[in-house]
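One letter stands for each residue in the lines below.
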Amino acid sequence: MKTSPIAIFKEKRPVIISGPCSAETEEQVLETCTTIAKSGKVDILRAGIWKPRTRPNSFEGVGVEGLQWLKKAKEATGLPTAVEVANFNHVFEALKQGVDILWVGARTTVNPFSVQEIADALKGTDATVMIKNPVHADIELWTGALERLHGAGITKLGLIHRGFAQYGNSVYRNDPKWQLAIEMKRRFPEIPMVCDPSHICGKRDLLHAVSQQALDMDFDGLMLESHIDPSNALSDKDQQLTPKDLETIIDNLVVRRPNISDEDLSQKLSMLRSQIDLIDDDLIKLLGERMKVAEDIGLVKREKGITILQTNRWEEIIEKASETGKLQGLSKNFMIRYLNAIHQESIEHQNEVMNRTSIEEE
Ligand code: PEP
Ligand code: MN
């Protein structure tokens, strides 16, 4: 049994996966892959062969022909290759052409039928599979995809965090929602977690910051798209890096250790952490007290027969707290998210008090 490319995650941090968004021509694949490999900084080559595009009439990939080019790139560089698969036929063709890692794309992870089809196609193989998060922020779908593959006997698994679709304006193409990836790391600590800054950012200028943030959150690797001529790329042209820019980004990453060996530093950190724990305890107690007051208000409202929500009062709270938050260096965005969470909980408490039957009260 040959060693799985997943083994590299035990040897190196971060593992770099790079290559074009899409395989377009034999020259483009070979030139991109051999140039990025020459730097010695890339560990795994990627290329999209079948492209799941959100809108029709955009480039949907070259299909099986591209697998031959990737095979040549692998021979020329000695690096393993990775390809996105979305159905039985993709799995069959990719494995036939010696692709080392298959990945399940974000638009496929959302669909349990497709994931099961891939899992069934993989039964009895020794394949290595990485699973991207689903397009929307549903951690159970991501977990379910992992379970379906594991259920088919696939044990060489990895996860890829590529951010989540959002409605409206944002600096990101896909909102990172880091806490979801961190929750997956908590659920599956043994499975390597790679960040895909290219699809999170959607544009080059954010790639370095997001890559660094992923490393600081102890991700195991990065998937960064690279193209020999990004401005003429047939897909994702704004986010692909030239081989030279890819190298610069990798060179500028600071790799920090997840654990501390220095005794002094470790003591200092543990003191600061206990300070944080104490403050968290106080905050939680205060929140509990706040809810009790909200419940008392609920009782008054119940007695007088008035509704839970008075919009004016809520606006007043947001305004006042945003001002106070600003003085404490807290962003308006954070204050609104924080207040909304508290408000939701308050409403639930009040609702419970107002609709409690007299038997329950006794
Ligand atoms: C890709 O990696 O090129 C791709 C299509 O990614 P995602 O599934 O994350 O959109
Ligand atoms: Mn892409």
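Residues numbered from 1 in each chain as written. Chains lettered and ligands numbered in written order. Predicted model: local features only at pLDDT ≥ 70, side-chain atom pairs only at ≥ 80, totals over all residues. Heavy atoms only, no water.

A. Highlighting the coordination of the manganese ion (ligand 2). C21 (SG), H199 (NE2), E225 (OE) and D236 (OD) make up the full set of protein donors to the manganese ion (ligand 2), lying at 2.1 to 2.4 Å. Here the donor residues of the manganese ion (ligand 2) share one chain and are spaced in sequence as C-x177-H-x25-E-x10-D. You can see H199 sitting in helix α9 (residues 197-201) and its partner D236 sitting in the loop between β8 (221-225) and α11 (243-251), a full 37 residues away along the chain. Considered together, H199 and D236 belong to a single accessibility category, that of buried residues. (Donors = N, O, S within 2.8 Å, 3.2 Å for Na, K, Ca; no water. Helix = DSSP H or I, 4+ residues; strand = E, 2+ residues; numbered from the N terminus. Buried < 20%, exposed > 50% of the residue type's maximum accessible area, 1.4 Å probe, protein only.)

B. Fine view of the site of ligand 1. Taken together, C21, R46, K51, E84, W103, G105, A106, R107, K132, R162, H199 and E225 form the complete shell of residues around ligand 1. Contacts to ligand 1 include H199, whose side-chain N or O atom sits 3.3 Å from an oxygen atom. With respect to ligand 1, the side chain of E225 contributes an N or O atom lying 3.3 Å from an oxygen atom. For the shell around ligand 1, the per-class residue count stands at 3 nonpolar, 2 polar and 7 charged. (Near = heavy atom within 4 Å. Polar contact = N/O pair within 3.5 Å; in protein donor to acceptor, adjacent residues only side chain to side chain. Nonpolar A, V, L, I, M, F, W, Y, C, P; charged D, E, K, R; others polar.)

C. Spatial organisation of the pairing of β8. Of all 5 residues making up β8, 5 are buried, and the element is well covered by its neighbours. The side-chain alternation of β8 yields two buried faces, one formed by G221, M223 and E225 and the other by L222 and L224. When strand β1 (residues 15-19) meets β8, the two strands line up parallel, connected through 5 bridges. Residue pairing across strands places I17 opposite M223, the latter belonging to β8. Taken together, the 2 bridges between strand β7 (residues 193-195) and β8 define a ladder with parallel strand orientation. Within β8, the position partnered with C195 by the bridge is L222. (Pairing = 2+ DSSP bridges.)

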